[in-house]
Amino acid sequence: MLEKVDYGMNYFFIAIAFLVAVFMGWIITPQILLVAFRKRLFDSVGGRKTHNGIVPRLGGVVFVPVQCFLLVLSMFFMYKLEMTPHLQDPFIPFQFLLLMIGLLILSMVGVIDDLIRIDYRRKFVAQIVASLFLPLSGLWINDLYGLLGITTLSPWIGMPLTVFVAVFIINAVNLIDGIDGLCSGLVGMGALVFGFLFIYNGAWLHAVFAFITAGVLCPFFYYNVFGKSKGRQRIFMGDTGSLTLGLSMAFLAISYAMNNPLIKPFSEGAIVVSFATLTVANTAHTPITTIRLNILEPTTLLTASSLLPVIEADTLTAVSGREVPIATMVRPMMMDGTCSLFATLELPSTKKSAPLISSTKPITRNTRTRANGALLISFSMFFSFA
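The structure presented is a predicted model; accordingly, all values stated were derived computationally and were not measured. (Residues numbered from 1 in each chain as written. Predicted model: local features only at pLDDT ≥ 70, side-chain atom pairs only at ≥ 80, totals over all residues. Heavy atoms only, no water.)

Caption draft 1: View of the side chain of Ser 255. On the secondary structure map, Ser 255 appears in helix H8 (residues 238-257). On the accessibility criterion, Ser 255 (0% relative accessible area) is buried. When residues no more than four places from it in sequence are discounted, the contact partners of Ser 255 are Leu 139, Phe 198, His 206, Ile 263 and Lys 264. (Helix = DSSP H or I, 4+ residues; strand = E, 2+ residues; numbered from the N terminus. Buried < 20%, exposed > 50% of the residue type's maximum accessible area, 1.4 Å probe, protein only. Contact = heavy atoms within 4.5 Å.)

Have a look at this one:
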């Protein structure tokens, strides 16, 4: 006999969890900024870094405390109010308990790396340890739903595959954290998609976690994309954020892909839907190219369409012979006239402008055009997810 579910109450509860996550992120992020400036905890400048000025990189410190606090609170109220019958089984709470342990491990490793740097091997070991908590909790890829002619998987294959996939997703999310708003935008949109998928399938606690993750990213996205370095309102998430977001997305993806009636009813092709949502995040780091342009004066912003004929080149020859790193271009989509929105451009602050040899559409703005690119990438990914 199926238990009756109050859908209106569940929808309201998810909306409240999302809004509370947004509110908590909005309150805590300025405090992180304040501490970072007082203690001078800034991201390094130079090398491959394209930003100018001092920018804290501890924005990701906000994510895990908000996620864990609201998740525990949600589990308590959903259990007391009997909002979902699946929560009565200890299997689901145990999964989320081990997830929180994994998030705390990656959060601590990320903080240490953001402050004093640690060897990449140790970070990799921490990722494997955190990923191991997924199969240990009973969450693993047990069905390929006919993909490659394979259905049910043995635990001896499915569990190692789950760890491999989780580590892969964690690293993919970590690698795309290089352009303002890209990582938070993609993960936020992906979390929303998973949230709606879990709502459709009646996995209410998973939906709550997905919306909490999306909610806590909203304030960070604002400070990361629209904040100004000079106004001390800009912040990066650092490895603390990207590592924990990667594990969160891996958990959501594997939960949806797993064939387990305690999580959701059987859904044909669930593994394809699940990992299609992460396809962009897993591959977005491959088409990112740093363009170095030689110009008479390093002051010209270019549209992406003017770069398309020469986008394969790492450097362009110019009269001055001076090489100036000014752009990071994402080129997965070629949309005429709107390709400029896929560029994050770095320029010295000046009011002068000079023509570029290959440019037909010079723009003489002196500000970073990172917001439009992040938004367009995020929304285009949202529609591709849907």
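What follows picks up the thread again.
Caption draft 2: How the structure looks around the nonpolar core. Ranked by internal contacts, the top residues of the largest apolar core, which has 86 residues, are Phe 96, Phe 194 and Phe 275. If you tally residues by element for this core, the top one is helix H7 (residues 204-226), at 13 residues. (Core = buried A, V, L, I, M, F, W, Y, C linked by side-chain atoms within 4.5 Å.)

Caption draft 3: Representation of the packing of aromatic side chains within the structure. Scanning the model with the defined rule gives 18 aromatic pairs in all. Judged by centre distance (6.3 Å) and plane angle (25 degrees), the ring pair of Phe 164 and Phe 168 falls under stacked. With a gap of four residues between them, Phe 164 and Phe 168 both fall in helix H5 (residues 155-175), about one helical turn apart. Put simply, the rings of Trp 26, Tyr 222, Tyr 223 and Phe 226 pair up and form one aromatic cluster. In this arrangement the basic side chain of Lys 264 is found over the ring face of Tyr 256, its NZ or CZ atom lying 4.8 Å from the centre. (Phe/Tyr/Trp six-rings, centres within 6.5 Å; stacked < 30°, edge-to-face > 60°. Lys NZ or Arg CZ within 6 Å of the ring centre and 35° of its normal.)

Caption draft 4: Summary view of a nonpolar patch on the surface. On the surface, a cluster of nonpolar side chains totalling about 480 Å² of accessible area is made up of Phe 69, Leu 73, Phe 76, Phe 77 and Leu 81. When you line up the elements, Phe 76 lands in helix H2 (residues 63-80). Here Phe 76 falls in the partly exposed class, since its relative accessible area comes to 46%. (Patch = residues over 30% accessible without salt bridge, like charges linked within 9 Å, V, L, I, M, F, W, Y side chains within 5 Å. Areas by Shrake-Rupley, 256 points an atom, 1.4 Å probe, with all protein chains shown as cover. Salt bridge = Lys/Arg side-chain N within 4 Å of Asp/Glu carboxyl O.)

Caption draft 5: Here's a closer look at the packing of helix H4 (residues 120-136) against H5. Two elements in contact, H4 and H5, have axes whose closest approach is 9 Å; the angle formed by their N-to-C orientations is 130 degrees. With respect to H5, the element H4 is oriented oblique. Crossing hand, H4 versus H5: right-handed. On H5, the residues that touch Phe 124, Gln 127, Ile 128, Ser 131, Leu 132, Leu 134 and Pro 135 of H4 are Met 159, Thr 162, Val 163, Ala 166, Val 167, Ile 170 and Asn 171. Across the contact of H4 with H5, the residue classes break down as 10 nonpolar, four polar and no charged. (Axes fitted to C-alpha atoms, helices over the stretch in contact; angles between N-to-C directions. Parallel < 35°, antiparallel > 145°, perpendicular 65-115°, else oblique. Left-handed = near helix turned anticlockwise from the far one by under 90°. Nonpolar A, V, L, I, M, F, W, Y, C, P; charged D, E, K, R; others polar.)

Caption draft 6: How the structure looks around H8. Taking 1.5 Å as the rise per residue, H8 with 20 residues should run 28 Å; its terminal C-alpha atoms sit 29 Å apart, in good agreement. By the criterion of burial, H8 is predominantly enclosed, with 20 of the 20 residues buried. (Expected span 1.5 Å × (residues − 1).)

Caption draft 7: Structural detail: the packing of helix H1 (residues 7-39) against H2. The interhelical angle for the contact between H1 and H2, taken along N-to-C directions, is 155 degrees, at an axis separation of 11 Å. One finds that H1 runs roughly antiparallel with respect to H2. Along this stretch, H1 crosses H2, giving a crossing that reads as right-handed. Every residue of H2 that contacts H1 at Phe 13, Ala 17, Val 20, Ala 21, Met 24 and Ile 28 is listed here: Val 66, Phe 69, Leu 70, Ser 74, Phe 77 and Met 78. Within the contact of H1 with H2, the residues separate by chemical class into 11 nonpolar, one polar and no charged.

Caption draft 8: Spatial organisation of the side chain of Asn 201. Locating Asn 201 in the fold gives a position in the loop between helix H6 (182-200) and H7. Within the structure, the side chain of Asn 201 is placed 3.5 Å from the side chain of Tyr 256, a separation counted as a polar contact. Residue contacts for Asn 201: discarding those within four places in its chain leaves Tyr 256, Lys 264, Pro 265 and Ser 267. (Polar contact = N/O pair within 3.5 Å; in protein donor to acceptor, adjacent residues only side chain to side chain.)

Caption draft 9: Here's a closer look at the environment of Leu 205. Mapped onto the elements of the fold, Leu 205 is located in helix H7. Linking Leu 205 and Met 83, residues 122 residues apart in sequence, is a C-alpha distance of 9.4 Å.

Caption draft 10: The arrangement of the pattern of salt bridges in detail. Applying the stated rule across the entire model yields six salt bridges. Across the salt bridge formed by Arg 117 and Asp 113, the nearest N and O atoms sit 3.8 Å from each other. Judged by its relative accessible area of 45%, Arg 117 falls in the partly exposed class. Taking the shortest distance from any N to any O, the salt bridge between Asp 239 and Lys 123 comes out at 2.7 Å. With Asp 239 in helix H8 and Lys 123 in helix H4, this pair connects stretches of sequence that are 116 residues apart.

Caption draft 11: Region of the structure containing unusual backbone geometry. Of note in this structure, Arg 117 is not a glycine but carries a positive phi near 70 degrees. Its location among the elements puts Arg 117 in the loop between helix H3 (91-116) and H4. The backbone phi angle of Leu 148 is positive, close to 60 degrees, even though this residue is not glycine. Along the chain, the position of Leu 148 falls in the loop between H4 and H5.

Caption draft 12: Expanded view of H7. Helix length check: H7, at 23 residues, gives a terminal C-alpha distance of 33 Å against a target of 33 Å (1.5 Å per residue), a fit within 8%. Residue Cys 218 marks the point of greatest curvature in H7, where the axis turns by about 30 degrees; the proline Pro 219 follows within four residues. With 20 of 23 residues buried, H7 lies mostly within the body of the structure. (Bend = angle between axes of the 7 residues up to and from the residue.)

Nothing here speaks to function; it is all geometry.
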